[in-house]
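Here's the letter readout for the chains.
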Amino acid sequence: IRLANPSLFELISPIQNEIRARALAVLWTFALNDELRQRMFWDKFGAMRVIGIAAATECPLQSRARVYAYATYSRLAESASIRALMWYNPIIRLLVIEGSELNPTFREESRAAAMATLWQFSFDPQLKKPMWACRRTRLSLISGAANGPTEKVQLYAIYSLRNLAEAVSNQVSMWNTPNLQTALIGAIDCTKTGCAPTLPDAFALSALQVLAYSSINQQSMWKTKDLVDQVLIVAARDCEDEFYDDSTCWHSRQYALAMLLLFSEAKENRKDMFQRLEVTGVLERTCTAPWTENGEGVVGRTYVLETLQFLAIEDTTANALWQDPAYRSTLVDACLVANSLLPKKMPVGQWRRVTLGDDDTETLLPVRFVATQDLPAANRAVVKAGGRMSALGVLTTIAKRPDNQFSMWDEYTSVTRGISSAVDNLVAACSIRDARFNDFRAIGCQGLANLAECATNKKPMWDDAEVRACMVRAGNEHPMYDMDEIQENQWRPDGGVLNDVREAGMRGLANLAACLGVTLAFWLDAGSARQALQLGTRITPTNEQDARTRANACRGFANLAQSEDTREAIWRNEEVRDGIMEAAKDTSCLNTGARKFCMQTLNELSENSQNQPTMWAGAEAVAVARRRRSGISRRLSSSSMTVRLGQVGIAQHNEDGGEAWARLAGFA
């Protein structure tokens, strides 16, 4: 500290400058140790004083001392507990900002060290917003990212901007800063690099990817032609080519593919993206290439499959994928069917729930992974499984479109066995019994429930023993008292996957029950299909998903009651009747859907003359009917109902003067 202090010498000679620089170099070396960093920082009138004096010097002869001073600031900022204190110290902040600005009279090493200090600051969550709000810091970083005289300055500047973009409050403002757009897009300009990947390439794409997390930015970024052109060029690189540096190429390419995924999350972008040949070409080449053993290739494949899942939300895209021969052969048969096969081993991973489309149809997608140079093998397996899950999700989304449902099932029944079709993969996923694969099972069962919406498919799907069995088993899933840790986690109310499995199974069974050619066989299947609906009516909903599951169970009975062959049996079955009445009496907001279908069921059951006396005798049924005027009351206006009321001499009235449940005439 004494030797680093310039006041030690009255006349500064070259040897004295060298001594001072070396003394500061020793302080810089001390700063490698975290404990010593803390002690140095709090030595305000010793170490920090001489470091600040050296950083503030403008004498060219002391440029080496200045470099070591800024390098020591950078080292000190490696301690997370010190960063904010350094930033909010007005002297240190001013010195660091001035050092990061372009000044031809100073050595570039000092600017790089000052920029490295800002880079360290940018990792602190509480500094991201004030750093971007500071005009001088903002301009210095943008200047360094745009035309850093050395690659080191440019990389530190771009990486700092990337870190600042992680603050959600900064993202829109950063993208709307024209100079920043120019700097980042310019860093990946293939006209300068000849399309060979560079480190600024990868860093700039990484920063742009973080900005694309903002839903507000996604549409604007897709409309920026220069950016999209560069992203598509980088995404199309063949990183197996010897011309490219492997790690840099993989980094750049994965960030570019991740940006396409983020662009596809914006509904306004999807149609244009799918119609652009360069986009579909990149998607096709990436997801039809062999699985690579390195982590980067696995991540890129998963990004592409997720992108297809978002694009398929649009009706026109989903229909084109299935019906257009060009897309069908490349993106469905060669890509989606091949990539949606169940993995041989299912790793334990974390998955995020997203809502796809305007109809709140939910499915599961893997968490978003940031490409890294050395992705651990365990994570690689999770990402690979996530890619397969996304491919299966696209097939499920395609199966949601009415125009595709019949042809998808028809292909499944007509293809030669041994040749995998889209529905083969859905059935395989829905039928899996290993609890570790329940994420796949949920998506597969959703796909089959979608296919069961088609009237032509209902009877053959019921007759297919494997399909029927997997949907019945899914509908019969319920939490038990003696569950293990895996089961408890999969039944958790905030996104447990078995809730998805049960809901999909119940929806599929309710769809099948709407076929008159199935209703009697469905009812007679007492130990499985009927039991699933019966237990479903007993669910006490605590969230929207439980409410939907219960409503589907009640809808299933409403569909079964449409057949004269089952009406009497449904009402006379005590357990089924109690379940329907229990759901009908629940007046909670979550139970509105289930209650509606229960009233529809009672309406259908009252059509049976054998049921009418016992339904009238059941005070419980009458009480429910009086509390809720069902659609039946509207039948009083019909001529046939007027005649029946006249014949029996009954006209019941509610307190509000309106006529009550019309079926009372039938009961009498």
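Cut-offs and rules
- Residues numbered from 1 in each chain as written.
- Predicted model: local features only at pLDDT ≥ 70, side-chain atom pairs only at ≥ 80, totals over all residues.
- Heavy atoms only, no water.
- Helix = DSSP H or I, 4+ residues; strand = E, 2+ residues; numbered from the N terminus.
- Buried < 20%, exposed > 50% of the residue type's maximum accessible area, 1.4 Å probe, protein only.
- Contact = heavy atoms within 4.5 Å.
- Areas by Shrake-Rupley, 256 points an atom, 1.4 Å probe, with all protein chains shown as cover.
- Core = buried A, V, L, I, M, F, W, Y, C linked by side-chain atoms within 4.5 Å.
- Patch = residues over 30% accessible without salt bridge, like charges linked within 9 Å, V, L, I, M, F, W, Y side chains within 5 Å.
- Salt bridge = Lys/Arg side-chain N within 4 Å of Asp/Glu carboxyl O.
- Disulfide = S-S within 2.5 Å.
- pLDDT = per-residue confidence, 0-100.
- Phe/Tyr/Trp six-rings, centres within 6.5 Å; stacked < 30°, edge-to-face > 60°.
- Lys NZ or Arg CZ within 6 Å of the ring centre and 35° of its normal.
- Axes fitted to C-alpha atoms, helices over the stretch in contact; angles between N-to-C directions.
- Parallel < 35°, antiparallel > 145°, perpendicular 65-115°, else oblique.
- Left-handed = near helix turned anticlockwise from the far one by under 90°.
- Lys, Arg positive; Asp, Glu negative; His and termini not counted.
- Charge placed at Lys NZ, Arg CZ, Asp CG, Glu CD.
- Polar contact = N/O pair within 3.5 Å; in protein donor to acceptor, adjacent residues only side chain to side chain.

Per the secondary structure count, the chain includes 40 helices and 2 strands. Per-residue burial over the chain gives 56% buried out of 668 residues. At a minimum sequence separation of 6, the contacts of the chain that also span at least 24 residues come to 71%. Carbon and sulfur atoms provide 53% of the accessible area of the chain, an area that totals close to 28500 Å².

Let's shift gears to the nonpolar core. Within the largest apolar cluster, 175 residues are counted, with the highest numbers of intra-cluster contacts made by Tyr73, Leu260, Leu336 and Leu448. Here this core gets 9 residues from one element, more than from any other, and that element is helix 17 (residues 246-264). Excluding its chain neighbours within four sequence positions, the residues that come into contact with leucine 336 are Leu305, Leu308, Leu331, Ala391, Val394, Leu395 and Ile398.

A cluster of nonpolar side chains, namely Leu3, Ile15 and Ile19, defines an oily patch on the protein surface of about 250 Å² accessible area. Mapping isoleucine 15 onto the fold places it in helix 1 (residues 14-30).

With that out of the way, let us pick up the environment of glutamate 109. For glutamate 109, the position within the fold is in helix 7 (residues 108-121). On the basis of relative accessible area, glutamate 109 is assigned to the partly exposed category, the value being 42%.

Taken as a whole and judged by the stated rule, the model has 2 disulfides. Shown here is the disulfide that connects cysteine 287 with cysteine 335, its sulfur atoms set 2.1 Å apart. The disulfide joining cysteine 287 to cysteine 335 has a torsion of about -135° about its S-S bond and is therefore left-handed. One end of the pair, cysteine 287, is in helix 19 (residues 277-288); the other, cysteine 335, is in helix 22 (residues 325-339), and 48 residues separate them in sequence. Of the residues examined, cysteine 287 reaches a relative accessible area of 2% and is grouped as buried. Covalently, cysteine 430 is tied to cysteine 445 through a disulfide, its sulfur atoms 2.3 Å apart.

Attention now moves to the confidence of the model for the chain. Low pLDDT means the predicted coordinates in that region are not meant to be read closely. Across the chain, the average pLDDT comes to 82, with 81% of residues at 70 or higher. Considering each helix and strand of the chain separately, the mean pLDDT is smallest for helix 39 (residues 639-648), with a value of 32, and largest for helix 8 (residues 128-133), with 96. Contacts for the low-pLDDT stretch residues 354-374, under 50 throughout, to residues beyond four places or in other chains number 68 contacts. In this model, residues 629-668 is a region of pLDDT below 50 whose contacts with residues beyond four sequence positions or in other chains number 55 contacts.

Now for the packing of aromatic side chains. As enumerated under the stated definition, the model contains 14 aromatic pairs in all. Where tryptophan 119 meets tyrosine 156, the ring centres are 5.2 Å apart and the plane angle is 50°; that geometry is what we call tilted. With tryptophan 119 in helix 7 and tyrosine 156 in helix 10 (residues 151-165), this pair connects stretches of sequence that are 37 residues apart. Assessed through its relative accessible area of 18%, tryptophan 119 is described here as buried. For tyrosine 156, a relative accessible area of 24% gives the class partly exposed. Ring centres 5.1 Å apart and planes at 20° place the aromatic pair tryptophan 462 and phenylalanine 522 in the stacked group. Placement of tryptophan 462 in helix 27 (residues 455-463) and of phenylalanine 522 in helix 31 (residues 519-524) is noted, with a sequence separation of 60 residues between them. Classification of phenylalanine 522 as buried rests on a relative accessible area of 0%. Connected via pairs of aromatic rings, a cluster forms that spans Trp119, Phe123, Tyr156, Tyr159 and Phe203. Sitting over the face of the ring of tryptophan 462, arginine 468 holds its NZ or CZ atom 5.2 Å from the ring centroid.

The next point concerns the pattern of salt bridges. Taken as a whole and judged by the stated rule, the model has 27 salt bridges. One salt bridge connects glutamate 411 with arginine 328, and the closest N-O pair in it is separated by 2.2 Å. Taken together, the residues span a long stretch of sequence, with glutamate 411 in helix 24 (residues 402-414) and arginine 328 in helix 22 at a distance of 83 residues. Residue arginine 328 is classed as buried on the basis of its relative accessible area, which comes to 14%. Across the pair glutamate 453 and lysine 400 runs a salt bridge whose closest N-O atoms are separated by 3.1 Å. Taken together, the residues glutamate 453 in the loop between helix 26 (438-451) and helix 27 and lysine 400 in the loop between helix 23 (377-398) and helix 24 connect sequence positions 53 residues apart. Among the residues examined, glutamate 453 registers a relative accessible area of 31% and is labelled partly exposed. Within the structure, one salt-bridge network assembled from shared partners comprises Asp34, Arg37, Arg75 and Glu78.

What follows concerns the side chain of asparagine 319. Position of asparagine 319 among the secondary structure elements: in helix 21 (residues 315-323). Apart from the residues within four sequence positions on either side, asparagine 319 is in contact with Asp324, Arg401, Asp403 and Asn404.

Two elements in contact, helix 15 (residues 215-222) and helix 18 (residues 267-275), have axes separated by 9 Å at closest approach and are oriented at 30°. Between helix 15 and helix 18, the crossing angle belongs to the class labelled roughly parallel. As for how helix 15 packs across helix 18, the hand of that crossing is left-handed. Where helix 15 approaches helix 18, its residues Gln218, Gln219 and Trp222 are matched on the opposing element by Glu268, Asn269, Asp272 and Met273.

What follows covers a negative patch on the surface. Taken together, Asp482, Asp484, Glu485 and Glu488 make up a surface patch of like negative charges. For aspartate 482, the location among the structural elements is in the loop between helix 28 (465-475) and helix 29 (485-490).

What follows deals with the side chain of asparagine 511. Tracing the chain through its elements places asparagine 511 in helix 30 (residues 497-512). A distance of 3.0 Å separates polar atoms of two side chains, one belonging to asparagine 511 and the other to arginine 555. Apart from residues no more than four positions distant in its own chain, asparagine 511 is found in contact with Ala449, Ala452, Glu453, Lys458 and Arg555.

So, about the environment of arginine 136. Residue placement: arginine 136 occurs in helix 9 (residues 135-147). Look at arginine 136 and you get partly exposed, because its relative accessible area is 33%. Remark: the alpha-carbon pair of arginine 136 and leucine 94, spanning 42 residues in sequence, is separated by 9.5 Å. Excluding its chain neighbours within four sequence positions, the residues that come into contact with arginine 136 are Leu94, Ile97, Glu98 and Glu101.

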